[in-house]
Amino acid sequence: METNPERERRIGQTQGLMVFLGALTDGLEGLTGRGAQAISFRAGRQVGLAWEVERKEPDLMAALEQVRIEMNRMGINWPFEIYKRQDEADAVTIDEKGLTEIKMTFRNCMVRCTLFRYGFPQEMSLCQTKHGLFCGLLEQIYGVSASLGVIHSGENACLLKLRFQDKA
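Let me sum up the structure you'll find in this document. Only a predicted model underlies this, so the values are computations on that prediction, with no experimental measurement involved.

## Considering the side chain of Gln-66
Step number 1: Inspection of the secondary structure puts Gln-66 in helix H3 (residues 60-73).
Step number 2: Judged by its relative accessible area of 1%, Gln-66 is buried.
Step number 3: Polar side-chain contacts of Gln-66 include one of 2.8 Å to the side chain of Glu-70.
Step number 4: What Gln-66 contacts, discounting residues up to four positions off in sequence, is Glu-54, Arg-55, Glu-57 and Ile-141.

See the structure below:
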């Protein structure tokens, strides 16, 4: 297999930058305390809201697919899929407060890979930044303000829960 030196150099640069960001946020997390996650989510959300999306979607599943397309347009390969256990009737549920909930698995995440590889804790500011980005894009495309919370973070994938008040 032939190697591309420029590609290898860029991969090395990206990995180095991700390690630096992981170490930086891990250190800042302790200094700034609990507010860092909320600030990071908001920053990511603002980026998602500022991005010029190609189209809006009134259908939830089409909107989620459009979020994937927009992230790819941004150069972000963050594959996700709807998760439903076999014993669950539907992937989309409504909780006791009337919020729509969808469990989703996210794979191939540079942030998760960086944090896991170097032993930095997951579910903190870097994760919240990308969660905010996802929610900002969804808000633009589907028209609902959402949150994305961690159910389980692991070395192969993360299981997250998307929650929002659906349109009436």
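## Some thoughts on the nonpolar core
Considering soluble globular proteins, one finds that nonpolar side chains tend to be buried as a cluster.
Step number 1: Counting 30 residues, the largest nonpolar core has Leu-64, Phe-134 and Leu-162 as its most contacted members.
Step number 2: Sorting the residues of this core by element identifies H3, strand S3 (100-106), helix H5 (125-142), strand S4 (146-153) and strand S5 (158-164) as the ones contributing at least two each.
Step number 3: Dropping the residues within four chain positions of it, Phe-134 is found in contact with Leu-64, Val-67, Met-71, Trp-78, Phe-80, Met-104, Phe-106, Leu-148 and Leu-162.

## Quick look at the pairing of S3
Step number 1: With six of seven residues buried, S3 is to be regarded as a mostly interior element.
Step number 2: With seven bridges connecting them, S3 and S5 associate as antiparallel partners. Counterpart to Lys-103 in the pairing with S5 is Lys-161.

## Observations concerning the pairing of S4
Where a strand is regular, its side chains alternate between the two sheet faces.
Step number 1: Where S4 and S5 come together, seven bridges link them in antiparallel fashion. Directly across from His-152, in S5, lies its bridge partner Leu-159.
Step number 2: The antiparallel hairpin formed by S4 and S5 contains four residues in its connecting segment.

## Focus on the pattern of salt bridges
Step number 1: Applying the stated criterion across every chain, the model contains 14 salt bridges.
Step number 2: When the shortest N-O distance is used, the salt bridge between Asp-95 and Arg-163 registers 2.2 Å. Placement of the pair is Asp-95 in the loop between strand S2 (92-94) and S3 and Arg-163 in strand S5, with a sequence separation of 68 residues.
Step number 3: On the basis of relative accessibility, which here comes to 25%, the residue Arg-163 falls in the partly exposed class.

## Considerations on H3
Step number 1: If you check H3, its first and last C-alpha atoms are 20 Å apart, about what 14 residues at 1.5 Å a residue would give, namely 20 Å.
Step number 2: The set of residues buried in H3 consists of Leu-60, Ala-63, Leu-64, Gln-66, Val-67, Glu-70 and Met-71. Take H3 and look down its axis: the buried residues cluster within an arc of 160 degrees, on one side only.

## A short note on the packing of aromatic side chains
Aromatic ring pairs are described here by two measures, namely the spacing of the ring centres and the angle between the planes.
Step number 1: Enumeration according to the criterion identifies six aromatic pairs in this entry.
Step number 2: With a centroid separation of 6.0 Å and 80 degrees between ring planes, the pair formed by Tyr-142 and Phe-164 is classed as edge-to-face. A residue pair is termed long-range when its members are at least 10 positions apart, and Tyr-142 in helix H5 and Phe-164 in strand S5 qualify at 22 residues. Across the pair, Phe-164 and Tyr-142 agree in class, each one buried.
Step number 3: Linked through ring pairs, Trp-78, Phe-80, Phe-106 and Phe-134 together constitute an aromatic cluster.
Step number 4: Across from the ring centre of Phe-80, 4.2 Å away, lies the NZ or CZ of Arg-68, which sits over that ring.

The rules we used
- Residues numbered from 1 in each chain as written.
- Predicted model: local features only at pLDDT ≥ 70, side-chain atom pairs only at ≥ 80, totals over all residues.
- Heavy atoms only, no water.
- Helix = DSSP H or I, 4+ residues; strand = E, 2+ residues; numbered from the N terminus.
- Buried < 20%, exposed > 50% of the residue type's maximum accessible area, 1.4 Å probe, protein only.
- Polar contact = N/O pair within 3.5 Å; in protein donor to acceptor, adjacent residues only side chain to side chain.
- Contact = heavy atoms within 4.5 Å.
- Core = buried A, V, L, I, M, F, W, Y, C linked by side-chain atoms within 4.5 Å.
- Pairing = 2+ DSSP bridges.
- Salt bridge = Lys/Arg side-chain N within 4 Å of Asp/Glu carboxyl O.
- Expected span 1.5 Å × (residues − 1).
- Arc of directions from axis to C-beta.
- Phe/Tyr/Trp six-rings, centres within 6.5 Å; stacked < 30°, edge-to-face > 60°.
- Lys NZ or Arg CZ within 6 Å of the ring centre and 35° of its normal.

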